[in-house]
Amino acid sequence: MNNKIIIINGPNLNLLGEREQSQYGSITFEKLKEICTNKSKDLDLIIEFMQSNVEGELVNLIQDAINKFDGIIINAAAFTHTSVAIRDALDIFKKPIIEVHISNIYKREEFRQKSLISDIVTGGIFGLGADGYILAIIAMQKLLKNEN
Ligand code: DQA
């Protein structure tokens, strides 16, 4: 069955609920994990929800995903704007990838307005808060069932 997905979160997202609530809202990382897990269960998806502050660990998660998961949902956080290594790892993953950002990166500082991964992912969602993760899970389920 094509139903295993990994949700990968980059640096500082573990501090959701504490950091910059004007950008990221009040939802905590634990609550985000819970709503994503519940939505995935509703849609018969098996998910792993991961976070790391370390670039190389994120690269390892993406590499490991090649043989373990059918899709990746990724909020690479600040590494979105800087990491060629994460881009290269994602480019090796030949299955659906959805990029998520809680805030609208195109409405923020200039250095955030460039994503190094947007042109190699299947699609992306930004600026819709934590709902972006839920929308990504729904879209991923359709992609995996070829219903998109
Ligand atoms: C973010 C946007 C990034 O620019 C920032 O570094 C983050 C979070 C978002 O979800 O809006 O940490 O990816």
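Please read these numbers as outputs of a predicted model, since none were measured by experiment. (Residues numbered from 1 in each chain as written. Predicted model: local features only at pLDDT ≥ 70, side-chain atom pairs only at ≥ 80, totals over all residues. Heavy atoms only, no water.)

What to know about the side chain of Arg19
For the record, the criterion: Strands are runs of DSSP state E lasting at least two residues, helices are runs of H or I lasting at least four, and both sets are numbered from the N terminus onward. Buried means the residue's accessible area, taken with a 1.4 Å probe over protein chains only, is under 20% of the maximum for its type, while exposed means over 50%, and partly exposed covers the values in between. Counted as positive: Lys and Arg. Counted as negative: Asp and Glu. His and the chain ends are not counted at all. Basic side-chain nitrogens of Lys or Arg form a salt bridge, by our definition, when they fall within 4 Å of a carboxyl oxygen of Asp or Glu. The contact criterion used throughout is that any non-hydrogen atoms of two residues lie within 4.5 Å.
Assignment of secondary structure puts Arg19 in the loop between strand S1 (4-9) and helix H1 (21-24). Despite being buried, Arg19 has no salt bridge partner; Glu20 is the closest side chain of opposite charge, sitting 4.2 Å away. Excluding anything up to four places from it in sequence, Arg19 contacts Pro11, Asn12, Leu13 and Tyr24.

Regarding helix H5 (residues 131-144)
Residues lying three or four places apart along an α-helix face the same way, a consequence of the helix completing one turn every 3.6 residues. How we decide: Working rule for helices: expected span equals 1.5 Å times residues minus one.
The end-to-end C-alpha distance of H5, which contains 14 residues, comes to 20 Å, matching closely the 20 Å that a straight helix rising 1.5 Å per residue would cover. Looking at H5, one finds that the buried residues are Gly132, Tyr133, Ile134, Ala136, Ile137, Met140, Gln141, Leu143 and Leu144. Looking at the buried residues of H5, the elements they touch are S1, helix H2 (29-42), strand S2 (46-51), strand S3 (71-75), strand S4 (97-101) and strand S5 (123-126).

Quick look at the nonpolar core
Note the following rule: Only buried Ala, Val, Leu, Ile, Met, Phe, Trp, Tyr and Cys residues count toward a nonpolar core, and they belong to the same one when joined by side-chain atoms within 4.5 Å.
Core analysis: the biggest nonpolar cluster contains 24 residues, and Ile73 and Tyr133 have the highest contact counts within it. Of all the secondary-structure elements, those providing two or more residues to this core are S1, H2, S4 and H5. One finds Val59, Ala76, Phe79 and Ile86 within the second-largest nonpolar core, a separate group that totals 19 residues.

Brief notes about unusual backbone geometry
For residues other than glycine, phi is negative in most cases, and the peptide bonds are mostly trans. One non-glycine residue, Asn12, lies in the positive phi region at around 75°. Position of Asn12 among the secondary structure elements: in the loop between S1 and H1. Residue Asn12 is classed as partly exposed on the basis of its relative accessible area, which comes to 36%.

Examining the layout of surface pockets
Cut-off, in case you're wondering: Points on a 1 Å grid over protein atoms alone make up a cavity when a 1.4 Å probe fits among them but cannot get out, and a pocket when they form an open set with protein on both sides within 12 Å along at least five of seven lines; lining residues each have an atom within 4 Å of a point. Grid points are joined across faces, edges and corners, and a volume is the space filled by probe spheres set on the points. Under the scheme applied, nonpolar residues are Ala, Val, Leu, Ile, Met, Phe, Trp, Tyr, Cys and Pro; charged residues are Asp, Glu, Lys and Arg; polar residues are all the others, including Gly.
Estimated volume of the largest pocket: approximately 180 Å³. For the lining of the largest pocket, a count of residues per class yields seven nonpolar, six polar and four charged.

Some points on the packing of helix H3 (residues 55-68) against helix H4 (residues 84-92)
So the rule is basically this: For helices, the axis comes from a line fit to the C-alpha atoms of the stretch in contact; other axes are also lines fit to C-alpha atoms, and the angle between any two N-to-C directions lies between 0 and 180 degrees. In these notes the angle categories are as follows: under 35 degrees is roughly parallel, over 145 is roughly antiparallel, 65 to 115 is roughly perpendicular, and the rest is oblique.
H4 packs onto H3 with a crossing angle of 5° between their chain directions and a minimal axis gap of 9 Å. On the basis of their axis angle, the class for H3 and H4 is roughly parallel. Here H3 contributes Glu55, Leu58, Val59, Ile62 and Ile66 to the contact with H4, which in turn contributes Ala85, Ile86, Ala89, Leu90 and Ile92. Along the lines of polarity and charge, the residues of the contact of H3 with H4 split into nine nonpolar, no polar and one charged.

Some words on H4
Just so we agree on the cut-off: Read the arc as the range of directions from the helix axis to the C-beta atoms. Two N or O atoms form a polar contact when they lie within 3.5 Å of each other; inside protein one atom must be a possible hydrogen donor and the other a possible acceptor, and for residues adjacent in sequence the pair counts only when both atoms belong to side chains.
Those residues of H4 that sit buried are Ile86, Ala89 and Leu90. In a view along the axis of H4, the buried residues occupy a sector of 100°, so they form one face of it. Lining the buried residues of H4 we find H3, S3 and S4. N-cap assignment for H4: the residue whose side-chain oxygen lies 3.4 Å from the backbone N of Ala85 is Ser83.

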